[in-house]
Amino acid sequence: MWTFWQDVRYGMRMLVKTPSFTVITVLTLALGVGANTAIFSLVNAVLVRPLKYVEPERLVMVWESDAISGFDQDTPAAATYADWKAQNQVFEDMAVQEMRSLDLTGEGEPEKLTAFAVTANFFPLLGAQPALGRNFLAEEDKPGANKVAIISHALWQNRFAGDANVVGRDIALNGEKHRVIGVMPRDFQFRMPDVKVWTPVAFTAEQLSNRDLHYLEIVARLKPGVTVEQANADIRAITARIAAAYPDQARNLSGVVVPLREQFVGGARRTLLLLLVAVGFVLLIACANIAGVLLSRAATRQREIAVRAALGASRWRIVRQLLTESLLLGGLGGALGLLLAMWTLAFLQQLVPAGLRESTELSLDAPVLVFTLAVSLLAGMIFGLAPALQASRIDLNDALKSATGGAGTGRGQRRLRSAFVVAEVALAMVLLVGAGLLIQSLMNLRGQYSGLQPDDVLTMRTQLSARKYREHEQRVGFYDQVLARVKNLPGVEAAGYTTTVPLVWGGGANGLAIEGRADDPNVGYNANHRQVSPDYFKAIGVAVKRGRAFDERDDERAVRVAVVNETMARQFWPGEDPVGKRFKVATPDTNPWLTIVGIVSDIRQVGMDVPPKAEMYVPYRQAERGVPYTLFVPRDLVVRTTVTPTELAASVRAAVREVDPNQPVANVRTLDEVLGRVTAQRRLGMNLLSAFAALGLLLAALGIYGVLSYFVVQHTREIGVRMALGAQAGDVLRLVIGRGVKLALAGIVVGLVGAFLLTRLIESLLFGVSAIDPLTFAGVTVALASVAVLACYIPARRATRVDPMVALRYE
């Protein structure tokens, strides 16, 4: 132990004697360790740390599946839920939540709240208990029961100022009195962020027998010992029986059981693991860089090491001393890296999937601290071991005779330093290619909406209360009056209503019957549905490809009409002109036929990287008879402007209030902001990877620079002799730059091979670009080679300024 403390004290003295080296090395390592710690804390919180429910590993989501129609995870109908719950052998319990939108009125400004109606067993199934008050009672989850509600912690704080007496208080939701019976904890969240209220779903017998409306989300708890595979087999068997018993409503229907963490994390898992690999590469580049510096530094300490060896120090003793210094550097770098990681946690919180964001807080907990310690020590071993072993192999006679203690550098050291540089360049190459592919993907995702000119479109939600606007004529009157006022505002080019703007809601599918075509069980006649106003297509910027858009003639007295997108036209009428064709919602049979009057361009409504689905649009004035489901009524107002959209927001809001002073207005934003929110996590991940790639490129350039600077110092005498014998500056430039370029090219070749192999792993994250895109590979190669040449040029330029007389007296 005493010798260990001797090594530590001596190592500290050596680091203090070379402050520039110590500071640069510690900062380099801190960046690598800090980035790894931050990303690991994110991965640990999202993928490893248990969810904040009781025995979360037994919780699953249960979905309907209709592969033929392209819906792998669809919301189940209430009758399907009832059958699953009654017949399953694998679940301890099943609960339901149904998304709703409620108007909170009576005190202060009207407020639109995101809410869920749930079965009474919902919170107990999760193991969740209100922080104040109680859960729902079974008798409160029945039609006709007294209205009750549980509110979120955020609503309690923001609307009711944290008043503990809120429990037992009555509030008005959609104009109906509800008694508050509980307040959920601050960190409670299930599936969606920003949920403010929960109410009992109170299914009626009619609802529980309905197989046409698919709108529920089901969570279940597996029985002890039951696997997800067994649950899937049981649910599919039940659903097959349902499909056989009700072929008109449930043909081709299946079921799928998804573990809760997988449901919450979704596609974020691969992005997080990609970032973890990327920061690992950055740390390896940093270690290779520091190892090269330590090799150069060890060469200047050969005389010191030789003296220690001559005085009896064993090779292991010397290696241990040098490793101790490396571990000290690793510890200092780790401590500073920990501070950097703490500084970035709030920023990284944006990468937590939306379904976990409110219940997951990034923190430097015990696993993260252990990880940081392990990474710091491992990094110290990685960049310190090879230089220590190499430095301990010395010729005592040559080293002791050396005047400076720095001239003797063996071929092994030079090769090792060169290998480190090649490795740095290769790893930077892989990172740059990955970042380049993701940048192109994000540009392609946003670019497909450029034709809509989203910067010029203002959107807002004015979802009507089903209780206040119960009748179709009332809703039509509201839409008509709002649109009339908004269109007269200065700076408004067009305005329209729609069920939902693109990418906000991907649901709303209907089974269809096509006139003159026999029902084919192998073809999914199913299309998403939007109710829109006549000017909606102009307001949103969707082109009419054939036929016409809706106009004022398409009212409740006219022939029922529809507009379909190109995918629906191509899918259901291949090789035909769909204009003039007729179809209808398949059930009930009394639904009227809809005549297609136009075809519009596809818009990716469900997801930016999800292929367009078949979609139909109907005029909202005809929707009551064409599609009798109020689930799809217009909610979003879309305004195309000739001025900055935000300048009109207040005027448009005022126009809505003129029609109904108590109507809440929510989600006021431009269409560009909608697109930005959809791509936010992806953009953040891309920015992080790009930052890591840039850091790797910088470190690789510094590695090349360091090797060549040391090369110039070590060969000053040789360069002087060459210049004394007539060598020109260009010759010296070629000599030094040539050496660096050879290392860079070797690294680029190795990196190209690595990138070719590894980018296949991120193929699912790409959009509109191949994992082996030649332009990306070529562009990164040119950029990396250019940076390498620049890194070579600076020491090469210095070499051309060597004074031959000084060089000949060198050593």
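Residues numbered from 1 in each chain as written. Predicted model: local features only at pLDDT ≥ 70, side-chain atom pairs only at ≥ 80, totals over all residues. Heavy atoms only, no water.

Observations regarding the overall build of the protein
So, point 1. Helix and strand counts for the protein come out as 25 helices and 22 strands.
So, point 2. Taken over 811 residues, the protein has a buried fraction of 53%.
So, point 3. Look at the contacts in the protein between residues 6 or more apart in sequence, and 82% of them connect residues 24 or more apart.
So, point 4. Accessible surface, the protein as shown: approximately 35,000 Å² in total, 58% of it carbon and sulfur. (Helix = DSSP H or I, 4+ residues; strand = E, 2+ residues; numbered from the N terminus. Buried < 20%, exposed > 50% of the residue type's maximum accessible area, 1.4 Å probe, protein only. Contact = heavy atoms within 4.5 Å. Areas by Shrake-Rupley, 256 points an atom, 1.4 Å probe, with all protein chains shown as cover.)

Digging into the pattern of salt bridges
So, point 1. Going through the model one piece at a time under the given rule, you end up with 28 salt bridges.
So, point 2. For Lys52, the salt bridge is made with Asp187, and the minimal N-O distance between the two is 3.2 Å. Of this pair, Lys52 sits in the loop between helix H2 (19-48) and strand S1 (59-66) while Asp187 sits in the loop between strand S8 (176-183) and strand S9 (197-200), placing them 135 residues apart in sequence.
So, point 3. Each of Arg548, Asp551, Arg553 and Asp554 takes part in one network of salt bridges that share partners. (Salt bridge = Lys/Arg side-chain N within 4 Å of Asp/Glu carboxyl O.)

Considering the pairing of strand S18 (residues 582-585)
So, point 1. With three bridges connecting them, strand S14 (residues 509-514) and S18 associate as antiparallel partners. When the sheet's bridge partners are listed, Ala513 is paired in S18 with Lys584.
So, point 2. Summarising the sheet, S18 and strand S19 (residues 594-600) pair through two bridges and their orientation is antiparallel. For Arg582, the partnering residue across the bridge sits in S19 and is Thr595. (Pairing = 2+ DSSP bridges.)

As for helix H19 (residues 645-659)
So, point 1. In a regular helix each residue adds 1.5 Å, so 15 residues correspond to 21 Å; H19 covers 21 Å between its end C-alpha atoms and thus fits that length.
So, point 2. Looking at the buried side of H19, the elements it contacts are strand S12 (457-461), helix H15 (472-487), strand S13 (492-498), strand S21 (636-641) and strand S22 (666-670). (Expected span 1.5 Å × (residues − 1).)

What to know about the pairing of S12
So, point 1. Counting buried positions over the five residues of S12 gives five, a clear majority of the element.
So, point 2. Burial of the side chains of S12 extends over both faces: Val457, Thr459 and Arg461 are buried on one face and Leu458 and Met460 on the other.
So, point 3. Bridge count between S12 and S21: five bridges; the pairing is antiparallel. Each residue of the ladder has a partner; that of Thr459, found in S21, is Val638.
So, point 4. Where S12 and S22 come together, three bridges link them in antiparallel fashion. Each bridged residue has a counterpart across the sheet, and for Arg461 the counterpart in S22 is Ala666.

Section: the environment of Arg261
So, point 1. Among the secondary structure elements, Arg261 is positioned in helix H8 (residues 260-265).
So, point 2. Beyond its immediate sequence surroundings of up to four residues, Arg261 is in contact with Ala45, Val46, Leu47, Val48, Arg49, Pro50 and Leu51.

What about the nonpolar core?
So, point 1. Core analysis: the largest hydrophobic core is formed by 103 residues, its most contacted members being Phe123, Leu126, Phe188, Phe190 and Trp198.
So, point 2. When residues in this core are grouped by element, the largest group, 15 residues, is from helix H21 (residues 680-714).
So, point 3. Discounting chain neighbours no more than four positions away, the residues touching Phe188 are Tyr53, Phe122, Phe123, Leu126, Ala128, Trp198 and Glu358.
So, point 4. The next biggest cluster of nonpolar side chains, apart from the first, holds 26 residues, and it includes Leu445, Val501, Ala539 and Val561. (Core = buried A, V, L, I, M, F, W, Y, C linked by side-chain atoms within 4.5 Å.)

Examining the packing of H15 against H19
So, point 1. Two elements in contact, H15 and H19, have axes separated by 9 Å at closest approach and are oriented at 140°. The orientation of H15 relative to H19 falls into the category oblique. In terms of crossing hand, the pair formed by H15 and H19 is right-handed. Contacts between H15 and H19 involve Phe478, Gln481, Val482, Arg485 and Val486 from the first element and Val652, Ala655, Val656, Glu658 and Val659 from the second.
So, point 2. Grouping the amino acids of the contact of H15 with H19 by side-chain chemistry returns seven nonpolar, one polar and two charged. (Axes fitted to C-alpha atoms, helices over the stretch in contact; angles between N-to-C directions. Parallel < 35°, antiparallel > 145°, perpendicular 65-115°, else oblique. Left-handed = near helix turned anticlockwise from the far one by under 90°. Nonpolar A, V, L, I, M, F, W, Y, C, P; charged D, E, K, R; others polar.)

Focus on the packing of aromatic side chains
So, point 1. Counting across every chain of the model gives 19 aromatic pairs.
So, point 2. For the pair Phe537 and Tyr617, a centre-to-centre distance of 5.0 Å together with 80° between the ring planes defines the contact as edge-to-face. On the criterion of sequence distance, the pair formed by Phe537 in helix H16 (residues 536-540) and Tyr617 in strand S20 (residues 615-619) is long-range, its members being 80 residues apart. By the burial criterion, Phe537 is buried, and Tyr617 matches it.
So, point 3. Site record: aromatic cluster; members linked through ring pairs are Tyr53, Phe122, Phe123, Phe136, Phe188, Phe190, Trp198 and Phe264.
So, point 4. A cation over a ring is seen here: Lys584 above Trp593, with NZ or CZ 4.9 Å from the ring centre. (Phe/Tyr/Trp six-rings, centres within 6.5 Å; stacked < 30°, edge-to-face > 60°. Lys NZ or Arg CZ within 6 Å of the ring centre and 35° of its normal.)

Things to note about H2
So, point 1. Compared with the 44 Å implied by 1.5 Å per residue over 30 residues, the 40 Å span of H2 between its first and last C-alpha is a close match.
So, point 2. With 23 of its 30 residues buried, H2 lies for the most part within the structure.

Quick notes on unusual backbone geometry
So, point 1. The backbone of Glu55 shows a phi angle near 45°, a positive value even though the residue is not glycine.
So, point 2. Its relative accessible area of 38% is what places Glu55 among the partly exposed residues.

A closer look at the packing of helix H3 (residues 78-87) against helix H6 (residues 228-245)
So, point 1. Between H3 and H6, the least distance of the axes is 10 Å, while the angle of their chain directions is 130°. One way to sum up the angle between H3 and H6 is to call them oblique. In the packing of H3 onto H6, the handedness of the crossing is right-handed. Each of Thr80, Asp83, Trp84 and Gln87 in H3 lies in contact with H6, whose residues at this interface are Ile235, Ile238, Thr239, Arg241 and Ile242.
So, point 2. For the contact of H3 with H6, a count of residues per class yields four nonpolar, three polar and two charged.

Regarding the environment of Leu253
So, point 1. Tracing the backbone shows Leu253 in the loop between helix H7 (247-250) and strand S11 (254-259).
So, point 2. Note on Leu253: relative accessible area 12%, which makes it buried.
So, point 3. In sequence terms Leu253 and Ser65 are 188 residues apart; their C-alpha atoms lie 5.9 Å from each other.

Some thoughts on the environment of Leu369
So, point 1. The residue Leu369 is located in helix H12 (residues 366-391) in this model.
So, point 2. Look at Leu369 and you get partly exposed, because its relative accessible area is 39%.
So, point 3. Linking Leu369 and Ser41, residues 328 residues apart in sequence, is a C-alpha distance of 9.2 Å.
So, point 4. With residues up to four places along the chain from it excluded, the contact list for Leu369 reads Leu338 and Leu364.

Some words on the confidence of the model for the protein
So, point 1. Here the protein shows a mean pLDDT of 84. Residues at 70 or above account for 85%.
So, point 2. Within the protein, the element-level pLDDT minimum falls on helix H13 (residues 396-401), averaging 49, and the maximum on helix H4 (residues 122-126), averaging 97.
So, point 3. Every residue in residues 403-408 is under pLDDT 50, and counting partners more than four places away or in other chains gives 15 contacts.
So, point 4. With pLDDT under 50 throughout, residues 625-630 is counted as low confidence; its partners more than four residues away or in other chains account for 22 contacts. (pLDDT = per-residue confidence, 0-100.)

Things to note about the side chain of His153
So, point 1. Relative to the helices and strands, His153 resides in helix H5 (residues 153-160).
So, point 2. The class of His153 is buried, set by a relative accessible area of 13%.
So, point 3. Filtering out sequence-adjacent residues up to four positions away, His153 remains in contact with Val183, Met184, Pro185 and Arg186.

Examining the side chain of Lys112
So, point 1. Looking at where Lys112 falls in the secondary structure, it is placed in strand S4 (residues 111-118).
So, point 2. A polar contact of 2.5 Å, which involves the side chain of Lys112, links it to the side chain of Asp103.
So, point 3. Sequence-distant contacts of Lys112, defined by excluding residues within four places in its chain, comprise Ser101, Leu102, Asp103, Gln463, Leu464, Gln663, Pro664 and Ala666. (Polar contact = N/O pair within 3.5 Å; in protein donor to acceptor, adjacent residues only side chain to side chain.)

Here's the deal with a nonpolar patch on the surface
So, point 1. On the surface, a cluster of nonpolar side chains totalling about 630 Å² of accessible area is made up of Val749, Val753, Phe756, Leu757, Leu758, Leu761 and Ile772.
So, point 2. Assignment of secondary structure puts Val749 in helix H23 (residues 729-758). (Patch = residues over 30% accessible without salt bridge, like charges linked within 9 Å, V, L, I, M, F, W, Y side chains within 5 Å.)

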